[in-house]
Amino acid sequence: MSGATGGQPDDDPFVRHRGLLLTVAYEMLGSAADAEDVLQDAWLRWSEVDRAGVRDPRAYLVRTVTHQALNRLRTASRRRETYVGPWLPEPLLTAPDVADDVVLAESVSTAMLLVLETLAPTERAVFVLREVFGLGYDEIAAAVEKSEAAVRQVAHRARSHVAARRPRSRVDAREAAEIVERFRVAAGTGDLQQLLDLLAPDVVLVSDGGGRVQAALRPIVGVEKVLRFLAAVTPEGLELRPVWSNGAPALAFVVDGEVTGVGTMLVEDGVVTALYVVRNPDKLRGLDRRDVIRGGAALRRTV
């Protein structure tokens, strides 16, 4: 987000907690562009507030970002009802050290963001603030404008909902990176047997074109159907470049030097059980300019 903190000293609370604020907004919205807009709004509010009257700047900023994100989330939920084809979270570039914090890495993963999409807006906010960043119930209550007792109930309900839907297991970053690299090489060389070995028999492919570019309008299930679809839509000259996106190793699809898609994978028990491919150009515009979320340890020191 360019310009939101330009010229501000490093000890300004907004600058100091910016990584936390960006992550909270992104996890609530699933959109890096919307998260940046929320931070822009929060910065404008922060620049106008009487700092002397703010006893806890971090709590104030988290509360402001949460309010703004909740407002956007309710609007976004209505827009997504008319979205063409499957909706996937907007890819967010992350530094490799995000994987060192298992909780943070899982929380920004595509699979988990899709689970969070099934929560009501307030449930999502409470879950993110409590389970990912460990904020106290009193702080969360102030952020979502509910009583502490109500927040505890919401948190319990959200935890149960997520536990029933989250991925069965999560491999470590090294194993995931190895599998993604093997997939990249196999796809690039047309090694069908290697691809069959890497993909689960019931693998699911979800592609998000937003009605703008070619993509499957429904999830594709089964390794043979997935491979046929990928073979049919792969353009000439496609290059698969390794990147880190949403807390995990991923692949950028590059044609003539332009990124035309980003793919992340859900790896369970040593095989790929889900492929998530974002091709909607609107969700790819800011990949080069957006902030990169860095390690969870640094974020958690701000909490």
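Scroll up for the structure.
Residues numbered from 1 in each chain as written. Predicted model: local features only at pLDDT ≥ 70, side-chain atom pairs only at ≥ 80, totals over all residues. Heavy atoms only, no water.

Peer 1: What exactly am I supposed to notice about the layout of surface pockets here?
Peer 2: Over the atoms rolls a probe the size of a water molecule, and in doing so it shows where empty space is left. Approximately 730 Å³ is the volume found for the largest pocket. Contributions of two or more residues to the lining of the largest pocket are made by α10 (173-189), α11 (192-198), β1 (199-208), α12 (223-233), β3 (239-245), β4 (248-255), β5 (258-268) and β6 (271-278). The biggest single contributor to the lining of the largest pocket is α12, with five residues. Across the lining of the largest pocket, the residue classes break down as 20 nonpolar, eight polar and four charged. (1 Å grid on protein atoms, 1.4 Å probe; cavity = no way out; pocket = protein on both sides within 12 Å on 5 of 7 lines; lining within 4 Å. Points joined across faces, edges and corners; volume = space filled by probe spheres on them. Helix = DSSP H or I, 4+ residues; strand = E, 2+ residues; numbered from the N terminus. Nonpolar A, V, L, I, M, F, W, Y, C, P; charged D, E, K, R; others polar.)

Peer 1: What exactly am I supposed to notice about empty space enclosed by the protein here?
Peer 2: Evaluated as defined, the whole model comprises two cavities of 30 Å³ or more. Within this model, the largest cavity holds a volume of roughly 70 Å³. Counting residues per element, the ones that place at least two in the lining of the largest cavity are β5 and β6.

Peer 1: Just to check I follow, could you spell out the packing of aromatic side chains for this structure?
Peer 2: Geometry of an aromatic ring pair is reported as the spacing of the ring centres plus the angle between the planes. Counted by the stated rule, this structure contains two aromatic pairs. Ring centres 5.2 Å apart and planes at 65° place the aromatic pair phenylalanine 14 and tryptophan 43 in the edge-to-face group. Taken together, the residues span a long stretch of sequence, with phenylalanine 14 in helix α1 (residues 13-16) and tryptophan 43 in helix α3 (residues 32-48) at a distance of 29 residues. Arranged with centres 5.8 Å apart and planes meeting at 45°, the rings of tryptophan 46 and tyrosine 60 form a pair that is tilted. Here tryptophan 46 is found in helix α3, whereas its partner tyrosine 60 is found in helix α4 (residues 57-80), with 14 residues between them in sequence. Owing to a relative accessible area of 2%, tryptophan 46 belongs among the buried residues under this scheme. Over the ring of tyrosine 137 we find arginine 130; its NZ or CZ atom is 4.1 Å from the centre of that ring. (Phe/Tyr/Trp six-rings, centres within 6.5 Å; stacked < 30°, edge-to-face > 60°. Buried < 20%, exposed > 50% of the residue type's maximum accessible area, 1.4 Å probe, protein only. Lys NZ or Arg CZ within 6 Å of the ring centre and 35° of its normal.)

Everything listed here is a matter of coordinates, which is why it stays silent on function.
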